[in-house]
Amino acid sequence: METSDSISITNTGLYWLEATINGCSRRDSINVTINPVPTYSFGADTSVCEETIVTLNPGVVGTSYLWSTGATAAFITTDTTGTFWCKVTNAFGCTYTDTINVQVRPKPVVNLGADVIICNDAAPLRIGQTIAGATYNWSTMETSDSISITNTGLYWLEATINGCSRRDSINVTINPVPTYSFGADTSICEGQLVSLNVPISANSYLWNTGSTQSFINVSAAGLYWCKVSNQFGCTYTDSIQVFVKPKPIVNLGADIFRCENLIPFQIGQTINGASYLWSNGATSDSISITSTGLYWMQATLNGCSNRDSINVTINPVPTFSLGNDTSICEGSSVQLNSSINAFGYLWNTGENTPTIVVQSTGWYWCEVLNTAGCSYRDSIFITVKPKPLLNLGADKTICSSEAPIPIYSNIPADQFLWSSGETTPFLSVGNSGSYWLKATVNGCSSVDTINITINPTPIFNLGVDKTICEGESVNISSGVTGSYLWNTGSTLQQITVNTSGIYWLDVSSSFGCTYRDSIQVTVKPKPHFSLGNDTILCNNSSFTLDLSGVGDQYLWQDGNTSPRYTFNKSGRFHVKISKEGCEAADTLVVVAKKTPTPNLGPDLEICPGELIVLNPKFTDGTYLWQDGASTPTYQVSQIGLYKVTITNECGVGEDSIVIGKGACILRIPNAFTPGKSTNSVFKVLNRQLISDFKMSLYNRWGQKVFETTDPARGWDGRINGILQPTGAYVYIVVYKDVASGKAYSHQGGFVLIR
C-alpha cells in the first residue's frame, strides 16, 4: 500500500502499480521470484594425522559443484595439507563459495624389527625403540620405550607425537629347551650292559660315543653324555659316570662221566669272601653227585655274580642175559643176542657184534662194553639134535585135464603138516602152486617143497549155429589166446565165412594143451531184381514196373508196399524187397522234362547307346544263338534278327525276334530296384543329342534325395549310403534338344521297389 514511485522487494510475490493522472488510472503487475542462495559452511579449519582421509562436503543440494582441485563431485576426500574451496550452484543459478584449510600432521616411525625365535635358556629378551618426543604404550600396558619378554606372544608398541600415533608388532617365540636327567652315576658288574636312555622324545640325539639313537648300551667304565636337540633347534646336554666292578671267577672243570658203581662223588670250588648257590638249592662250596644231570654253581662277590655249569653223566653197567641153555635141530641155527645197545661186544668166538648165529654144540659167552667203559659178561650152552631126511621128488607139470594128482612123504614121521593145512602123509593136488610138507621126528622138522604146474586147456565156445543171407558174411572167433588151426586151413584167431558148412577150430596153448569146438553156418538166398537204368520222362509220359514174385515184402520210398509201381514225375525212387528175412534194394532216378519252347517276346526297337537283354524264358536245355553263343541270355545293342535254339533230351525248340530302330526320344522309367543286376539305378534313357540337362528327385515329403546335371548318372536309392524306403518318389527333368534348340521339362512319379 505504498504510494511512492518505487518500492523495495524482499519477498517473492505478485506486485502491481496503479498510476493516476487527471483522474484517470492504469494498473500493471509484475511477478517477483526471489530464489535462495545455496549457503553452507565447511566449519572451522581442521588438522588431521598422516594417513587420515578427510571428507569435504558442502552439505547442500546443488546442480553443480566446482572445487579448487577441479573436481565436480558433491564431495571430495583428501589426505594432504592445503586450502580447499567449493563453488555450489543451485537450480536457480544462484552460487555460493566457502573455504577451509586442512593441515596433515606426520606420524612417528615405529619398527620393532623382524619376528624373534629364541630358546628359553636365552630369556628374558629386551625389545623396544626410542623416538624423540614420543610417548609409548605397549600391549603389556607398559609405557617405557622398551620391555623385557619372558613368554611367547605377539607384542605391539604404539608411539604418539603431537597427537598422532603409529603402531608396530612383533611375534616373539620362546621355545623350550629339552631338559632331562640321566640320574645319579651308576655301577655295573663286569660283563654286564647298562642302557643309558634319554627319557624324553627329541628331534635328534648325539652321544659322545658317536651314536645318534635315543639310548646306548654300554659295558665299559667312563663318562657318557648326550646332546639332545628338539624340533625348535634348542639343545640340552647331561652326563653320567659308569663304574664297572669285577665278577668272581667260577670254574667247575670239564664235564664228568662215571659208571653207576663209582657214585657218589664231590664237585665244587672255594672262592674267598664269596657266597654260593647251586642248581639244587645248596649254598655250600661243594655238593655230592649221585645222578646224571646239568649242575651249576653261582658265586657272588661284592654284589657281582658269576656262574659255571657242568654236565655229569652216570652211565649204567650194561647188564644183559643170553637166556637159558637151549637145544636146536641139525641144520638149524640159533641167534644169540646180547639184547643191549653198547659201545663194544666180545664173544668167545672172536666176533664183536651184538648178535651171533651158532650151529654147533658148546658154551658161548659175550662181554659187553658201553660208551662209559662199563662192562658185563653172560654165557649159554647150546645142544644140536639131528633132523629127518624128507624128499617130495621133482617138480611136476600137467594139463588141467590130468588133474588132480597125489603127492607123498618119503619117510614116516611123528607129525605131518602140508602148506594147505592137511596132516596126512599124502596130498591130492588139483591146482597149480608150490606145496610144502613139514615132517617132524623127535621134535626136529624138515620141510620140502614141490612145484605143481597145471596148465589150462584153452576152453572156448564158437557160439550157436548161425544163419546169414546171401552176400553177407559172419566172423567166427574163439575169444581165447593160443595157436589156431581151422578146418579151412587158416591159423588166424578169427575167420570170415560166407558159405554154408560146419567150421571147427583147434586152439593150442603155449603149454601144449589143445581144445576143439565147431559151428554150423547156413547161407540163405536173397531176392534178385533191378529197377533198370535212370531214365527221362518227356512231356508228361509215364511207365510201370512189376516186381511180383521177387519177394514176399515190398517197401517203396513213399511207403507204398505194392510190387507194382508207376513212374510219372521227377524223383529218386527206392524199393527194398524182403524174402525169408533177406533183403535187397535198388534205386532209380527219374527226371520229367518237356520239349523246349523258347519265347523271345515281340519285336523290339532300340536306340543308340541302349542295351536289350534277350531271355528265351526256358531254362532246361542247351542254348545256341544265331552267332554261336551258348549263354542263357543275350545282350543286344544293334538292330537285326536274333534267333535262339534250345535242345534237351525231349527235343529242339527255337524262336527269333527282330530288333528295329526306335524313335529315340528321351525316356524316363517309372520304377527301379536298387541292388538288382538290371534296372538298379534310376536314370534317363535315350539321352543322346541333349544339353543343359538337370534331373532332381524328391521323396513324398518334398525332401530332395538326388540331383545331377550328367544325363549318364542316376540315383542308386541311397542317401548318405543309407537305402531309402520302398514307395513313390517325384522327378523333375529339364533339358534342351540339340537339333531343334527347344527346351523341355518333364515332371512325374516313379516307384522304388525292393
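Throughout, residues of each chain are indexed from 1 in the direction in which the sequence is written. At least 70 in pLDDT is required for a residue's local features to be given in this predicted model, at least 80 for side-chain atom pairs to be given and counted, and no such filter applies to totals for whole chains, interfaces and linings, which use all residues. Calculated side-chain values reflect all of the structure's heavy atoms, with hydrogen atoms and water omitted.

## A short note on unusual backbone geometry
- Residue P264 is reached from I263 by a cis peptide bond, and omega for that bond is 5°.
- Runs of E in the DSSP output that reach at least two residues are strands. Runs of H or I that reach at least four are helices, and both are numbered from the N terminus. Among the secondary structure elements, P264 is positioned in the loop between strand 21 (256–259) and strand 22 (265–268).
- Note that the residue after A403, namely P404, is joined by a cis bond; omega there is 0°.
- If you trace the backbone, P404 turns up in the loop between strand 33 (396–399) and strand 34 (405–408).
- Despite not being glycine, N539 shows a phi value in the positive range, around 50°.
- You can see N539 is positioned in the loop between strand 45 (535–538) and strand 46 (543–546).
- Relative accessibility decides the category of a residue: with a 1.4 Å probe and only protein chains considered, values under 20% of the type maximum give buried, values over 50% give exposed, and everything between is partly exposed. Overall, N539 belongs to the partly exposed group, its relative accessible area being 42%.
- One non-glycine residue, D692, lies in the positive phi region at around 50°.

## Brief notes about the sheet that holds strand 35 (residues 415–418)
- Read across the open sheet, the four strands follow the order 33-38-37-35; overall the sheet is mixed. A single partner strand is all that each edge strand has here, and the edge strands are strand 33 and strand 35. Taking the axes of each pair of neighbouring strands and ignoring which way they run, one obtains an average angle of 20° across the sheet.
- As judged from the four bridges shared by strand 35 and strand 37 (residues 433–441), these two strands associate in the antiparallel manner. Directly across from F416, in strand 37, lies its bridge partner A439. Two strands qualify as a pair provided that DSSP identifies no fewer than 2 bridges between them. Fitted lines through C-alpha atoms give the axes, limited to the stretch in contact for helices. The angle between two N-to-C directions lies from 0 to 180 degrees.

## Some details on the nonpolar core
- Core analysis: the largest hydrophobic core is formed by 18 residues, its most contacted members being I127, I131, I149, Y155 and V172.
- When contributions to this core are tallied by element, the ones reaching two or more residues are strand 10 (125–128), strand 11 (135–138), strand 12 (146–149), strand 13 (153–161) and strand 14 (164–175).
- Of the residues forming this core, the biggest block, four residues, is contributed by strand 13.
- Here a residue-residue contact requires only that any non-hydrogen atoms of the pair lie within 4.5 Å. Sequence-distant contacts of I127, defined by excluding residues within four places in its chain, comprise W138, D145, S146, I147, I149, Y155 and I170. The criterion is simple. A nonpolar core is a set of buried Ala, Val, Leu, Ile, Met, Phe, Trp, Tyr and Cys residues joined through side-chain atoms within 4.5 Å.

## Some points on the pairing of strand 14
- Where strand 9 (residues 116–119) lies against strand 14, four bridges are found, and the strand directions are parallel. Residue pairing in the sheet places C119 in a bridge with N175 of strand 14.
- In the sheet, strand 13 pairs with strand 14 via nine bridges, with the strands oriented antiparallel. Bridge assignment links L157 to a residue of strand 14, and that residue is D168.

## Describing a nonpolar patch on the surface
- The grouping of L417, W436 and V447 at the surface amounts to a nonpolar patch, some 250 Å² of accessible area in total.
- Relative to the elements of secondary structure, L417 occurs in strand 35. Within the patch definition used here, like charges are joined within 9 Å and nonpolar side chains (Val, Leu, Ile, Met, Phe, Trp, Tyr) within 5 Å, considering only residues with over 30% relative accessible area and no salt bridge. The accessible surface values rely on the Shrake-Rupley method and a 1.4 Å probe; as for residues, cover is taken only from the protein chains in view. We count a salt bridge whenever a side-chain nitrogen from Lys or Arg sits within 4 Å of a carboxyl oxygen from Asp or Glu.

## Remarks on the packing of aromatic side chains
- Two aromatic rings from Phe, Tyr or Trp, using only the six-membered ring of Trp, form a pair when their centres are within 6.5 Å; if the ring planes differ by under 30 degrees the pair is stacked, by over 60 it is edge-to-face, and anything between is tilted. All told, the structure shown has 27 aromatic pairs when counted by the stated rule.
- Taking the centre distance of 5.3 Å and the plane angle of 80° together, the rings of Y40 and F42 count as edge-to-face. There is no split in this pair, since Y40 and F42 are both buried.
- When the ring of Y40 is compared with that of Y96, the centres are 5.5 Å apart and the planes differ by 70°; the resulting orientation is edge-to-face. Here Y40 is found in the loop between strand 2 (24–32) and strand 3 (46–49), whereas its partner Y96 is found in strand 8 (residues 95–105), with 56 residues between them in sequence.
- An aromatic cluster of three or more residues is present, and its members are F672, F682, W715, Y729, Y731 and F750.

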